[in-house]
Amino acid sequence: MIDIIINITLLAFLAITSVAIVRMTNLFAIVMLFGIFSLLSAGLFVVMDAPDVAFTEAAVGAGISTVLMLATLALTRNRQKNPYKEAPHAHRPWLPLFVVGITGAVLVYGTWDIPRFGDPNSPAQTHVARYYLENALPETGVPNVVTAVLASYRGFDTLGEVAVVFTAGVAVLLLIGGRRPKQTLKQKDEGEQDET
Amino acid sequence: MDFFIGQYNYWVVIFLMMVGLYTVISRGNLIKKIIGLSIFQVSVFFLYISMGTVEGGAAPIITEGVKLYSNPLPHVLILTAIVVGVATTALALALVIRIKESYGTIEEDEIHKLDHSL
Amino acid sequence: MKPNLILHVVAKFLIPLIIIFALYVQFHGDFGPGGGFQAGVIFSAALILYALVFGLDAAEKIIPSHILRILASLGLVIYAGVGVVTLLLGGNYLDYTVLGSTQIAGQHLGILLVELGVGITVAAVMLIIFFSFAGRGRV
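Residues numbered from 1 in each chain as written. Chains lettered and ligands numbered in written order. Predicted model: local features only at pLDDT ≥ 70, side-chain atom pairs only at ≥ 80, totals over all residues. Heavy atoms only, no water.

> Explain the overall build of chain B to me, using residue names and the numbers behind them.
Tallying secondary structure elements over chain B gives four helices and zero strands in all. Listed by position from the N terminus, the elements making up chain B come as α-α-α-α. Whereas a compact globule of 118 residues would reach a radius of gyration of roughly 13 Å, chain B reaches 20 Å, over 25% beyond that. Along the first, second and third principal axes, the C-alpha set of chain B runs to 65 × 35 × 15 Å. In chain B, which comprises 118 residues, the share counted as buried stands at 61%. Long-range contacts, defined as pairs at least 24 residues apart, comprise 45% of the intrachain contacts of chain B with a sequence gap of at least 6. On chain B, roughly 4400 Å² of surface is accessible, and the fraction owed to carbon and sulfur atoms is 67%. The averaged location of the 9 negative side-chain charges in chain B is 5 Å from the averaged location of its 7 positive side-chain charges. (Helix = DSSP H or I, 4+ residues; strand = E, 2+ residues; numbered from the N terminus. Rg over C-alpha atoms; globule rule 2.2 N^0.38 Å. Buried < 20%, exposed > 50% of the residue type's maximum accessible area, 1.4 Å probe, protein only. Contact = heavy atoms within 4.5 Å. Areas by Shrake-Rupley, 256 points an atom, 1.4 Å probe, with all protein chains shown as cover. Lys, Arg positive; Asp, Glu negative; His and termini not counted. Charge placed at Lys NZ, Arg CZ, Asp CG, Glu CD.)

> Mind laying out the interface of chain A and chain B, listing which residues take part and the relevant values?
Listed by partner, the interface residues are 96 residues for chain A and 80 residues for chain B. Linking chain A with chain B are one salt bridge. Here Arg116 of chain A makes a salt bridge to Glu55 of chain B, at a shortest N to O gap of 3.2 Å. Run the count over chain A and chain B and you get 20 residue pairs in polar contact (both at pLDDT 80 or more). At 14 residues, the largest contribution of residues to the side of chain A that touches chain B is made by helix α3 (residues 51-76) of chain A. (Salt bridge = Lys/Arg side-chain N within 4 Å of Asp/Glu carboxyl O. Polar contact = N/O pair within 3.5 Å; in protein donor to acceptor, adjacent residues only side chain to side chain.)

> Got a sec to walk through the pattern of salt bridges? Specific residues and values, please.
Residues and elements named next belong to chain B. Here the structure, examined in full by the defined rule, presents four salt bridges over all chains. The partner of Glu108 in a salt bridge is Lys33, with the nearest N and O atoms 3.6 Å apart. Pair noted here: Glu108 is in helix α4 (residues 108-115) and Lys33 is in helix α2 (residues 30-52), with a separation of 75 residues, a long-range link. The exposure class assigned to Glu108 is partly exposed, which follows from its relative accessible area of 28%.

> Run through the packing of aromatic side chains, naming residues and quoting values.
Residue and element names in this part refer to chain A. Counted according to the given criterion, the structure contains 11 aromatic pairs over all chains. Judged by centre distance (5.9 Å) and plane angle (15 degrees), the rings of Phe34 and Phe37 are stacked. Here Phe34 and its partner Phe37 are both found in helix α2 (residues 27-47), three residues apart, which amounts to about one turn of the helix. Of the two residues, Phe34 and Phe37, both sit in the buried class. (Phe/Tyr/Trp six-rings, centres within 6.5 Å; stacked < 30°, edge-to-face > 60°.)

> Residue-level account of the environment of Ser73 of chain C, with values.
Following the sequence through the fold, Ser73 of chain C ends up in helix α4 (residues 65-88). For the pair Ser73 of chain C and Gly117 of chain C, spaced 44 residues apart in sequence, the C-alpha to C-alpha distance is 9.4 Å.

> Report on the interface of chain C and chain A, specifying residues and quantitative values.
Taken together, the contact between chain C and chain A spans 44 residues of the former and 44 residues of the latter. When chain C packs against chain A, the two sides together hide about 3900 Å² of surface, and 75% of this comes from carbon and sulfur. The three residues of chain C that bury the most area against chain A are Phe37, Phe133 and Arg136 of chain C, which together make up 19% of that side's buried surface. Between the two partners, chain C and chain A, sit 11 residue pairs in polar contact (both at pLDDT 80 or more). In terms of residue count, the dominant contributor to the side of chain C that touches chain A is helix α5 (residues 103-137) of chain C (18 residues). In terms of residue class, the side of chain C that touches chain A is made up of 27 nonpolar, 12 polar and five charged. (Buried area = accessible area lost by both parts, 1.4 Å probe. Nonpolar A, V, L, I, M, F, W, Y, C, P; charged D, E, K, R; others polar.)

> For unusual backbone geometry, give the residues involved together with the corresponding values.
A negative phi angle characterises most non-glycine residues, just as the trans form characterises most peptide bonds. Residues and elements named next belong to chain A. Phi is positive for Asp49, which is not a glycine, with a value near 65 degrees. Of note, Asp49 is situated in the loop between α2 and α3. A relative accessible area of 15% places Asp49 in the buried class.

> Tell me about a nonpolar patch on the surface, and please be specific about residues and values.
On the surface, a cluster of nonpolar side chains totalling about 580 Å² of accessible area is made up of Leu95, Phe98, Val99, Ile102 and Val106 of chain A together with Ile25 of chain B. With five residues, the top contributor of residues to the nonpolar patch is helix α4 (residues 94-111) of chain A. Inspection of the secondary structure puts Val106 of chain A in helix α4. The class of Val106 of chain A is exposed, set by a relative accessible area of 53%. (Patch = residues over 30% accessible without salt bridge, like charges linked within 9 Å, V, L, I, M, F, W, Y side chains within 5 Å.)

> How would you explain the side chain of Asp30 of chain C if you had to name every residue and give the values?
Within the fold, Asp30 of chain C resides in the loop between α1 (5-27) and α2 (36-54). This buried residue, Asp30 of chain C, is left without a salt bridge; Arg154 of chain A holds the nearest opposite charge, at 17 Å. Looking at Asp30 of chain C, its side chain comes within polar contact range of the side chain of His108 of chain C, at 3.5 Å.

> I'd like a rundown of the nonpolar core, residues and numbers included.
Residues Leu14 of chain A, Ile35 and Phe46 of chain B together with Phe133 of chain C are the most contacted members of the largest nonpolar core, which totals 114 residues. Here this core gets 14 residues from one element, more than from any other, and that element is helix α3 (residues 72-103) of chain B. Here this core spans two domains, since at least three of its residues come from each of domain 1 (1-86) and domain 2 (120-180) of chain A. (Core = buried A, V, L, I, M, F, W, Y, C linked by side-chain atoms within 4.5 Å. Domains from an automatic or database assignment.)

> Now, about helix α6 (residues 128-140) of chain A: what can you tell me, with residues and values included?
Spacing of three or four residues puts side chains on the same side of an α-helix, whose turn is 3.6 residues. The largest bend along α6 of chain A reaches roughly 40 degrees and is located at Glu134 of chain A, with the proline Pro138 of chain A sitting one to four residues downstream. Among the structural elements, α5 (123-126) and α7 (145-153) of chain A, α3 of chain B together with α5 of chain C are those in contact with the buried residues of α6 of chain A. Of the residues one or two after α6 of chain A, Gly141 of chain A is the one with positive phi, at around 75 degrees. (Bend = angle between axes of the 7 residues up to and from the residue.)

Written out as structure tokens, the structure is:
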């Protein structure tokens, strides 16, 4: 019971934080709030019995991605007043709200058939998961089933994931790895000259 | 009440997903768009982990005297997805930095104006 | 940035602990929660903390960027290499059973090596990404 109460409270906090992120216009505050969002989700992963995932989310979401976003903010801030202020948006919010409302309503309709949260007999629990839980220890000698599945049963999958991480690192190096070239700011008048 | 507790997780997941989607399509600032995308991403993580949770189950580390474990497969998928997610987010942020360096702005409207597109 | 005494003392105290914790998570991942992905990220967080407190140049003296590039590739090569070794020993690709005398021993060795490869690549790539972002800022 206490699990469910913590679960509901943390999820409500997450929803509130996400709304605050959308409504704020100061990018610095938004990035800090996103760090809090990640920390809350790490706590929620612990409540849902996924310590490995919580570990990763706490280190990655609250640590590294916040640092990276702050570095980006420092590199992209305006030199004039309000360095971290987002520009006021010119559009009316009604069309995006309409699209989001329709999509959300369809998705909520889809949850009517989903097995309830924590159901031990739902289809997700009865197929391959049961095999892993019963055979991981005798077949690999590793008590942590997550590690056994990650490195042994689905080793090929993980190889692909590591390759993706490596490729992303190479791409970042190619994009911003070297020294900054001489200023080639695309000016407004320069654009107009191109037109004529 | 039972139905509410049973589906509450999925509804919050959908709410977070829609908040992320709204941020991506309605805001012009590129960094804010990326944060919206990350919120969307985290909501998908919650969807997977929620489906793997078993009531009264323990973390999937085999110990004596424990009968019921949560599903390890979603944990594996999401664990790798989080690390890949931060790597791809970093790539997106690198692109934003390059856009700032060559256009001088990260607001979508101003970039369109400079490009004479739209 | 002018040096801050409190930050320096606290960071010097914390960084070794974070690195030991990363190694624990890496090599205890078979028995408790943990593994290569988490350990790599925690390890890189320790060095990022060092770079934030003591400056980017000091951090690049510890791990120069050309070594980081080699390390990032090395992890992936270890992972794929384990697969090739199992192929040469007569098993399927990434079927660790052939690595040891018994199935358990082989699986154990294979999982350890693969997690090591994952940890090295993830730590190196995270540091490469951070150094690229931070290095862009200096003129």
